[in-house]
Amino acid sequence: MPKFLLVPLGAKTGLTSISLGLLRAIQRSGRRPVYYKPVADSPAASGSSDPAVVFANNLFHLNPPSPQPLSKVEELVSAGRDDDLIELMVSDFDQVTSAEHDVAVIEGVVPDDERSFLTSKNAQIAASLNASIILVAAVGKYSAEQVADQINLAAHEYDNSHTEVAGFILNRYHGSDAQAFAAEVSAKVRGKLPCLGVVPFSPEHSLRRVADIAGYLNAQVIAGEAHLGNRTKEIVVAAQNAAQMHHRITSGALVITPGDREDILMAASLKILSGVPVAGLLITCGTPPSPAVQGIISPALSHNVPVLLTELDTFATAYALAHQDQTVPADDTERMETMVDFVAEHVDVDTLCRNIGKPRQLLMSPPAFRFRMMEQARAANKRIVLPEGDEPRTVEAAAICQSKGIARCVLLAKPEAVREVAANRGITLPENLEIIDPDSIREQYVAPMVELRKHKGLTPGLARQALEDSVVLGTMMLQQGDVDGLVSGAVHTTANTIRPALQLIKTAPGASLVSSVFFMLMPEQVLVYGDCAVNPEPTAAELADIAIQSAESAKAFGIEPRVAMISYSTGTSGSGADVEKVKEATKLAQEKRPDLLIDGPLQYDAASVPSVGRQKAPDSKVAGQANVFVFPDLNTGNTTYKAVQRSANVLSVGPMLQGLRKPVNDLSRGALVDDIVYTIALTAIQSVQMGK
C-alpha cells in the first residue's frame, strides 16, 4: 500500500487542512485512503480528542487512533527511548490499516520553538512506515525562489536515506496566477520534484465563529447566545466616531467597542435593523452599556446578534484577536469540511496517483521489525526453555517475556536460586513464570536419550551424566516436544549450545548444515547477515545453502530477500580462489532457487549503496539494494557484524540458528537483557515456521 507522509516546512503551514484535503482528493479519485496522525500538535486538555482525529471520524468515517500526546513524546525522547516511541507509532499505524485500504495519508509532526527535537521525527516516521514524503510549504509573501530554497533544503535531508520525496504542495498562495508560480518554483527545485498542488489563500473558507472568539477571550455572553455560530468575516475596531465608522459595519463584521461608546452601539443597531447581518458585538473594558442604552438597542440585538463582554481594553482585545490561533476547533466540522473541499479542488491528485502502484523498494524498518516480531511471538504463544535459568540477565528477560506475553518461559534452575537472583536485582517474578528444578525431571529423559544415541553406545549412566548439563537437559525437553524452543549462550559457548542440538535434534530435512543469521537493526532498515557464528570455512555448496537458508529466514520475518554474496570482488573485477568459491556458490544457489533474487560476487558497497551498485553492477537486481548479506567465511562475517554493531551503535538480534528440525538459538556471552528478549521472540516465531 503506498503511504504518503506530509511534512511541514515550518510551524504554520495548515498541515491538517492539507492532509485531509489530500485525503478527500484521493477518495474522489476512486481509491480508498486511510488517515493516520502520529503525534499531537499541542498539549491536549484532559479528556479532549485531537481535532484532526475528530474530523477524520466525522468527515471520512474513519477511526484512526489518537496521536501520541506531546507529554509522552517528550518523556520518551528525554529518556533516550526514541526507538520505543517509533515502535509505538508503528503499532498505532498497524491498527489503522486493513485490506480494504489502498493508500495511506499520514500527517507529519509539526515542530515548534519549544520542541525543536520534533524536526527529526518525520524522517524516522517515514523510514519506519516505509512512506514517501510530500513537503508542504506555506507561501505567504515569499517569492518563488525563497519557497524553492525551503523545499531544496528540506529535500536535501532525505538525499542519503532510502526515503523518497514524492513532491510538494504550496499552501496560502496570495498571487493571481497559481500555475505560473508553481512552474517558477518547480524550475528552481532540484531533482524534478513535482508540484502536487497550489492552494490559494482563502480567508472566506476559514471564518471564525463568534463562539471561538468568546472562548479564546474567555468573554461573557450577555445576549444572543443562540447565535454564537455566526461567522466573522472582519474585525472592526471602533476607534473613531459613528460618522467615521458606520460604513465599516458590514455583513459578517464583529464590532469591537467600549460599553460607553453609545454612538457606535446605536450606529451598529441601526445597521442591524436595516438588514445588515452583523456577526456580533464585542464590548471591551468589562463595562456593559448603561441600562438606558441597552433599552434603546435591544430591538436590534434580538435580530440574531450575539453580544460579548471582555475585561480587556480595546487595544488588548484587538491585539489578542490578531494573534489568535487559526487552527480549526474540533467541534467546527462545517468550517473544516469547507476547507477540505477547497483544498481537494486545488490538489493535483492525478500526478500523485501516477506514482501509486509503481514498484518501490520496500524496507523493513527496525521499529516495524521489532513490533511485528513481538506481535508474531505473542500470537505464537510458545513454551521456550532457558537452560541458564539462574543467570541474572536470563531471569530478567524471562520475567519480561512472561509479563508481556511474548512467550511462556521455562527457567531450568533451583527455584531458590532464581528467587535470590530476582531479589538481588529487584526483578518481580510473574506468578505464572515456570521454574523447574533440573533434578526433578532429569530421570524422565534418560531412556529417550539412550534410545536416540544407542548407535553411539550411550548407556543410562552416561546419559545421566550428560543430562547434568542443563543445556543437554533443555535440548532433550525440546526433542521430546515438552517445549517449543531453546535459548542458551549467556554463559555457555556457541559449541556448548549447538553440539547437543546437532546430536539430539538433528538437521531439518533437506538441510546440509546448520548456519546462523543476525538481524542488524540499522537506522533505516533491517539487514540480515549470514553466517557470522557457526561455519568457519563453508564450501561453495554450503555457502549456497547458507544463502537460501538466510533468504528463508528473512522471509519469515517479513523481509522480502535480495541476497548479496559478498566478496572482495564485484563481478569479474578480481580473481582468486575465494572469489571463485563465491561465484560457484552464487550459481548453485540460483539454480536451486530461481525464485529468489541472489547475485554475486558483490563487494559490500556495491551490494548496499545504490550509486555504487549502479556503477559496478548496472544489470544486477540486487546490487545497491541488498538486504541479505552472505559472507564467504566466518572470519569475514563475524568481524563485519561486530564492526558494524559497535562502530555504528547498531542493535543486532541473534545469532538465530538455521537448518535444525526445531529451534535452538545461541546468545552472545555479552548479550544484554533486550538481546535475550528478542532472541526468545525469534525462537517462538521460528517454532511456528518450522511447524509449517
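Please refer to the structure higher up on the page.
Description of the structure in this document. This one's a predicted model, so the numbers in the text were calculated from it and none came from an experiment. (Residues numbered from 1 in each chain as written. Predicted model: local features only at pLDDT ≥ 70, side-chain atom pairs only at ≥ 80, totals over all residues. Heavy atoms only, no water.)

With that out of the way, let us pick up the overall build of the protein. Along the backbone of the protein there are 28 helices and 24 strands. Oriented by its inertia axes, the alpha-carbon framework of the protein measures out at about 115 × 60 × 40 Å. Here the protein, with 692 residues, has 54% of them falling under the buried criterion. Accessible surface computed for the protein: about 29,900 Å², of which carbon and sulfur atoms make up 50%. (Helix = DSSP H or I, 4+ residues; strand = E, 2+ residues; numbered from the N terminus. Buried < 20%, exposed > 50% of the residue type's maximum accessible area, 1.4 Å probe, protein only. Areas by Shrake-Rupley, 256 points an atom, 1.4 Å probe, with all protein chains shown as cover.)

Before going further, it helps to examine helix α24 (residues 577-592). Residue pairs spaced three or four apart in an α-helix point in one direction, given the helix's 3.6 residues per turn. Compared with the 22 Å implied by 1.5 Å per residue over 16 residues, the 22 Å span of α24 between its first and last C-alpha is a close match. For α24, the complete set of buried residues consists of V579, K581, V582, A585, T586 and A589. Seen along its axis, α24 keeps its buried residues to an arc of 155 degrees; they face one direction. α24 presents A577 and E591 as exposed residues on the side facing more than 90 degrees away from its buried surface. (Expected span 1.5 Å × (residues − 1). Arc of directions from axis to C-beta.)

Moving on to the packing of helix α3 (residues 70-78) against helix α4 (residues 82-96). At a minimum axis separation of 7 Å, α3 and α4 run at an interaxial angle of 145 degrees. Contacts between α3 and α4 involve K72, V73, L76 and V77 on the former and, on the latter, D82, L85 and L88. Grouping the amino acids of the contact of α3 with α4 by side-chain chemistry returns five nonpolar, no polar and two charged. (Axes fitted to C-alpha atoms, helices over the stretch in contact; angles between N-to-C directions. Contact = heavy atoms within 4.5 Å. Nonpolar A, V, L, I, M, F, W, Y, C, P; charged D, E, K, R; others polar.)

Our next topic: unusual backbone geometry. Backbone torsion omega between G530 and D531 reads -15 degrees, so that peptide bond is classified as cis. If you trace the backbone, D531 turns up in the loop between β19 (526-530) and α23 (540-556). The backbone of H61 shows a phi angle near 55 degrees, a positive value even though the residue is not glycine. Counting through the fold element by element, H61 comes out in the loop between α2 (51-60) and α3. Positive phi outside glycine occurs at N218, with the angle close to 55 degrees. Take N218: it is sitting in the loop between α8 (210-217) and β8 (220-223).

A few words now on helix α16 (residues 392-404). For α16, which comprises 13 residues, the first-to-last C-alpha distance of 19 Å matches the rise-based estimate of 18 Å (1.5 Å per residue) to within 8%. Buried within α16 we find R393, T394, V395, A397, A398, A399, C401 and Q402. Considering only its buried residues, α16 is in contact with β14 (383-386), β15 (408-412), α17 (415-425) and α28 (673-691). Following α16 by one or two positions, G405 adopts a phi angle in the positive range, close to 70 degrees.

Another aspect to go through is the side chain of D633. Its location among the elements puts D633 in the loop between β22 (628-630) and α27 (634-647). The side chain of D633 sits in the buried core without any salt bridge; K581 is the nearest counter-charge, 5.2 Å away. A distance of 3.2 Å separates a polar atom in the side chain of D633 from the backbone nitrogen of N635. Those residues in contact with D633 that lie beyond four places of it in its chain are D531, N535, P536, E537 and P538. (Lys, Arg positive; Asp, Glu negative; His and termini not counted. Salt bridge = Lys/Arg side-chain N within 4 Å of Asp/Glu carboxyl O. Polar contact = N/O pair within 3.5 Å; in protein donor to acceptor, adjacent residues only side chain to side chain.)

Among the nonpolar cores identified, the biggest contains 62 residues, and M373, F519, F557, M565 and I680 are the most heavily contacted of them. Residue contacts for I680: discarding those within four places in its chain leaves I384, L386, A397, C401, A407, C409 and V487. (Core = buried A, V, L, I, M, F, W, Y, C linked by side-chain atoms within 4.5 Å.)

In a beta sheet, neighbouring strands are held together by backbone hydrogen bonds and run either parallel or antiparallel to one another. Spatially, β16-β15-β14-β17-β24 is the arrangement adopted by the five strands of the open sheet, whose pairing is parallel. Every interior strand has two partners, whereas the edge strands, β16 (434-436) and β24 (664-666), have only one. Between one strand axis and the next, the sheet turns through 25 degrees on average, direction left out of account. Pairing of β14 with strand β17 (residues 485-488) involves two bridges; the strand directions are parallel. (Pairing = 2+ DSSP bridges.)

Evaluated as defined, the whole model comprises 27 salt bridges. We note a salt bridge from R24 to D341, for which the minimum N-O separation is 2.5 Å. On the criterion of sequence distance, the pair formed by R24 in helix α1 (residues 15-28) and D341 in helix α13 (residues 333-345) is long-range, its members being 317 residues apart. The shortest N-O distance in the salt bridge between R209 and D212 comes to 2.7 Å. Judged by relative accessible area, which is 11%, R209 ranks as buried. Sharing partners across several salt bridges, the network here consists of R209, D212, R231, D331, D332 and E334.

All right, on to the environment of S515 then. Relative to the helices and strands, S515 is located in strand β18 (residues 515-521). Relative accessible area serves as the criterion here: at 0%, S515 is assigned to the buried category. Through-space distance from the C-alpha of S515 to that of C532 is 8.4 Å; in sequence the pair is 17 residues apart. Discounting chain neighbours no more than four positions away, the residues touching S515 are D531, V534, N535, I546, Q549, M656, L657 and Q658. Engagement of the side chain of S515 in a polar contact is seen with the side chain of Q549, the distance being 2.4 Å.

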